[in-house]
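So you can see what is in the structure, the chains are spelled out below.
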Amino acid sequence: MTDDATLLAAARADAAWVVDLRRRLHRRPEVGLQLPQTQAIVLEALAGLPVEVTTGTSTSSVVAVLRGARPGPTYLLRGDMDALPLQEDTGLDFASEIPGAMHACGHDTHVAMLLGAARLLAERRDELAGQVVFMVQPGEEGHHGARYMLDEGLLDAVPEAPVSGAFAIHISTSFPTGTINVRPGPLMAAADHFRITLQGAGGHASTPHVTADPVPVAAEIVLALQAMVTRRVDVFDPAVVTVGHIAAGTTNNIIPATAFLEGTIRTLSAERRADVVARVQRVAEKVAEAHELTAVFERVEGYPVTVNDSVVAGQVEARAAALLGTEASVPMPDPLMGAEDFSYVLERVPGAMAFLGACPPDLVPGESPGNHSNLVVFDEAALPAGTALYARMALDALAG
Ligand SMILES: [Zn+2]
């Protein structure tokens, strides 16, 4: 079996290929579930490898299966490939050439590292007892791309051996470059979007008693939601409720008939998620009712909690330490309250996601432009660590 030093050296030797692929993707970002140019680049990069490739029917997803020399279980490695609707302002010489689209979450690096790992693993097929499924997904940024792939049979890509373990990497400038950051249990939050429409009765601003004014009711709901979170939610199973958008009225002397609020609910367990969604609805409806208005509550379901298997998270930590050095393997004390649709895969099979730090060395992690910023720059020197760790996870899972 390829040892850690050899594997990392191989990843470093292939770094130019990975960086070139990453920059090609970076120049031509695509947003959402249909990424035809990105898919074409992925298929071209896979073309020389001994893998069986299928493409999605409802999205431009790509699944590649690498069969090892001996039979065994099937292990899944995932990279997402969609960009964000954002104008890039980095000034990089390989910056986005598409107005209003940018690989600002580093998914271009995920694809490049994943396919770099496919190259390393293809050279080591004789060490594999089982199959590696490479999941290259569109639509991570709120489009539920992973769910489409699961619905299309992702986990049965190898019919005789359904996927039994999974691993993913997410790059981030919040961590020092080259570090692997992971934790057991919840890694990222569930995210639900809610909308509240208040129906009152409009009229002259001088005679509120003959109207049903939604403005003070909207304000009261915003405050009541914060009181609900602090008084009704156990701090050890926390929640964040943010009203990010509020709209009502047109001018100073008219009481509007309606008001609108929307926001996000972030939670770290399925139980808390259901609980807080119900409480937000209750607060909105009951506060409105108290003032003789009505509230229409609507929830747009987002991603579930991303939960790392505790055994696998420990393996990631240990393997990152062996591969990259103990100082490069950093346990995360807390989850992040962002959301991630790899959660759908981790609901079905035990596995883990880890963050790869990629803050440029001249900047401060967490203070430099972060993921989703128009100015974010990822340190490409971190990529061989991710490529090697993807490969290490599959080699160890399929060691036979
Ligand atoms: Zn992302």
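Treat the numbers as computed from the prediction; the structure is a model and nothing was measured. (Residues numbered from 1 in each chain as written. Predicted model: local features only at pLDDT ≥ 70, side-chain atom pairs only at ≥ 80, totals over all residues. Heavy atoms only, no water.)

Visitor: Now, about the coordination of the zinc ion: what can you tell me, with residues and values included?
Guide: Protein coordination at the zinc ion comes from Cys105 (SG), His107 (NE2) and His170 (NE2), with a distance range of 2.1 to 2.4 Å. Motif for the zinc ion, donor spacing along one chain: C-x1-H-x62-H. For the pair shown, Cys105 and His107 are each scored as buried. (Donors = N, O, S within 2.8 Å, 3.2 Å for Na, K, Ca; no water. Buried < 20%, exposed > 50% of the residue type's maximum accessible area, 1.4 Å probe, protein only.)

Visitor: Describe in detail the packing of aromatic side chains, supporting the description with residues and values.
Guide: Overall, the coordinates contain four aromatic pairs when judged by the stated rule. Here the aromatic rings of Phe194 and Phe297 are separated by 6.5 Å at their centres, their planes lie at 15 degrees, and the arrangement is stacked. Here the residue Phe194 occupies a position in strand β8 (residues 190-199), and Phe297 occupies one in strand β13 (residues 294-300), the gap between them amounting to 103 residues. By relative accessible area, which is 15% here, Phe297 ends up buried. Plain terms: the ring middles of Tyr303 and Tyr344 are 5.8 Å apart, the flat faces sit at 75 degrees to each other, and that makes the pair edge-to-face. Highlighted residues: Tyr303 in the loop between β13 and β14 (306-308) and Tyr344 in helix α9 (residues 343-348), separated in sequence by 41 residues. The pair Tyr303 / Tyr344 is uniform in exposure class, with both members buried. (Phe/Tyr/Trp six-rings, centres within 6.5 Å; stacked < 30°, edge-to-face > 60°. Helix = DSSP H or I, 4+ residues; strand = E, 2+ residues; numbered from the N terminus.)

Visitor: Tell me what's going on with the side chain of Asn181, and back it up with residues and numbers.
Guide: Structurally, Asn181 can be placed in strand β6 (residues 180-182). Those residues in contact with Asn181 that lie beyond four places of it in its chain are Phe175, Val330, Met332, Ala354, Phe355 and Gly357. (Contact = heavy atoms within 4.5 Å.)

Visitor: How would you explain the pairing of strand β5 (residues 163-176) if you had to name every residue and give the values?
Guide: Taking burial as the measure, the 14 residues of β5 include eleven buried ones, the bulk of the element. Sheet analysis places strand β3 (residues 70-80) next to β5, joined by five bridges and oriented parallel. Bridge pairing in β5 links Thr74 to Val163. Pairing of β5 with strand β16 (residues 351-359) involves eight bridges; the strand directions are parallel. Of the residues in β16, the one forming a bridge with His170 is Phe355. (Pairing = 2+ DSSP bridges.)

As far as function goes, none of this settles anything; it's purely spatial.
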